[in-house]
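What the coordinates show
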Amino acid sequence: MKGKLLVAISVLLFIMPLAFAEDSDFVLVEGGKFLMGSMDGSPQERPVHRVTVSSFYMCVHEVTQEEYEAVMDKNPSHFQGGRLPVERVSWYDAVEYCNKRSEKEGLTPCYSGSSKRGYTCDFSADGYRLPTEAEWEYAARGGKEDDQTKYSGSDSVSHVAWCGDSHKGRTHEVMGKAPNGLGLYDMSGNVWEWCHDFYAPYPAKPQRNPTGAELETQRIVRGGGWYGDAYACRVSDRRLTWPEEHDDSGQGFRVVRSATAIR
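What comes next is a walk through the structure. (Residues numbered from 1 in each chain as written. Predicted model: local features only at pLDDT ≥ 70, side-chain atom pairs only at ≥ 80, totals over all residues. Heavy atoms only, no water.)

Overview of the side chain of Asp186
Tracing the backbone through its elements, the reader meets Asp186 in the loop between helix H5 (157-160) and strand S7 (192-198). Despite its burial, Asp186 pairs with no opposite charge, the nearest such side chain being Arg254 at 5.6 Å. Residues in contact with Asp186, not counting those within four places in the same chain, are Glu62, Trp162, Val174, Met175, Glu193 and Arg254. (Helix = DSSP H or I, 4+ residues; strand = E, 2+ residues; numbered from the N terminus. Buried < 20%, exposed > 50% of the residue type's maximum accessible area, 1.4 Å probe, protein only. Lys, Arg positive; Asp, Glu negative; His and termini not counted. Salt bridge = Lys/Arg side-chain N within 4 Å of Asp/Glu carboxyl O. Contact = heavy atoms within 4.5 Å.)

Structure below.
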């Protein structure tokens, strides 16, 4: 009887990550290697270098206003609507959301610290966090080493992104354009997405699970926004901004969870 119980527990632990992915808005991004950066973009995108990332779960859509308000009891967005992406949020706001949502769901928060003392991230915790820049680009490329599409899921920006002439002067409900190969929506366009990392120039040598500079002043945002052009929506484009910036109606985020922590 004891042996059967141990087997049952082992099976349950094995299928938990799959159940998490199937029963929520998250998909498993299986770890692997890819070439990060681009020779065709700005100097910040060079040199192209090989990166290895571990498996993680990523939300298929940007955090919506209804999700944000349910956790934070406020909605700072300029364009109001439950299924619109939350915007006008700082990096600190996004981190606070991750920790509060983790606590609300009985998970271990990933972040500790404060805006004054600085934050550290426990990547082994099972709570919500922001994707690293490498995780973000790997997922935007469909989790494939050889994916060289210009935008996330297509070489046609209008197929996958709200930006440029198509934005109609505002954000749009999440999941309104076509997804990429992993089923992730709006990785190009709609709102810029905060990443975990402090900005750091790319190294030439291969990296494994990079997390950015140890301590700098500006954080990375990715993906382009509704008011930007197609160039900013490329999967390799990277921008940096102050973590306290919260007045941008084109700046939001999405969350991830570490697959190893969930196991």
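So, next bit.
Quick look at helix H3 (residues 91-104)
With 14 residues, H3 extends 20 Å between its outermost C-alpha atoms, agreeing within 8% with the 20 Å of an ideal straight helix rising 1.5 Å per residue. Taken residue by residue, H3 has Trp91, Asp93, Ala94, Val95, Tyr97, Cys98, Asn99, Arg101 and Ser102 as its buried positions. Turning to H3, the residues buried within the fold contact strand S1 (26-29), helix H2 (65-72), strand S5 (111-114), strand S6 (118-121), S7 and strand S9 (219-222). Two or three places before Tyr92, at the opening of H3, Ser90 has a side-chain oxygen 3.3 Å from that residue's backbone nitrogen. (Expected span 1.5 Å × (residues − 1). Polar contact = N/O pair within 3.5 Å; in protein donor to acceptor, adjacent residues only side chain to side chain.)

Here we look at the sheet that holds strand S11 (residues 251-252)
Taken together, 4 strands build an open sheet; the order of strands is S10-S9-S7-S11 and the sheet is mixed. Of all the strands in the sheet, the pair left with one neighbour each is strand S10 (239-241) and S11. The sheet contact formed by S7 and S9 spans 3 bridges and is antiparallel. Residue pairing across strands places Trp194 opposite Val221, the latter belonging to S9. (Pairing = 2+ DSSP bridges.)

Thoughts on the pattern of salt bridges
Here the structure, examined in full by the defined rule, presents 13 salt bridges. Where Glu133 meets Arg222, a salt bridge forms, and the shortest distance between an N and an O atom there is 3.1 Å. Linking Glu133 in helix H4 (residues 133-140) with Arg222 in strand S9, this pair joins segments that are 89 residues apart in sequence. The two residues Glu133 and Arg222 agree in class, both being buried. Three or more residues joined by partner-sharing salt bridges are found here, namely Glu133, Glu137, Arg141, Arg222 and Arg238.

What about the pairing of strand S4 (residues 56-59)?
By the alternation rule, side chains of S4 split into Phe56 and Met58 and Tyr57 and Cys59, which are all buried. Relative to S4, S1 is paired through 4 bridges, and the arrangement is antiparallel. Paired with Phe26 across the bridge in S4 is Cys59. Both S4 and strand S12 (residues 256-258) contribute to a ladder of 3 bridges, which runs antiparallel. In the strand pairing of S12, Phe56 is matched with Ser258.

What to know about H4
Of all the 8 residues making up H4, 8 are buried; the element is thus mostly covered by neighbouring parts of the structure. Taken together, the buried positions of H4 are occupied by Glu133, Ala134, Glu135, Trp136, Glu137, Tyr138, Ala139 and Ala140. Once H4 finishes, Gly142 follows within two positions and takes phi at roughly 85°, a positive value.

A word on the nonpolar core
By size, the foremost hydrophobic cluster in this structure holds 29 residues, and its most contacted members are Tyr68, Tyr97, Tyr111, Leu130, Phe253 and Val255. Of all the secondary structure elements, the ones that give two or more residues to this core are S4, H2, H3, S7 and helix H6 (259-262). Look past the residues within four positions of Phe253 in its chain and what remains in contact with it is Glu62, Val63, Tyr68, Val86, Val89, Ala94, Tyr97, Leu130, Trp192, Glu193 and Trp194. Of all hydrophobic cores here, the second largest spans 23 residues; its members include Met36, Val53, Met58 and Tyr185. (Core = buried A, V, L, I, M, F, W, Y, C linked by side-chain atoms within 4.5 Å.)

Side note on the sheet that holds strand S3 (residues 49-53)
A sheet is described by the order of its strands in space; here 3 strands give the open sequence S2-S3-S8, paired in mixed fashion. Looking at strand neighbours, the two that pair on one side only are strand S2 (32-36) and strand S8 (207-208), the edges of this open sheet. Contacts from H4 reach S2 and S3 within the one sheet, and its direction differs from that of S2 by about 95°. (Axes fitted to C-alpha atoms, helices over the stretch in contact; angles between N-to-C directions.)

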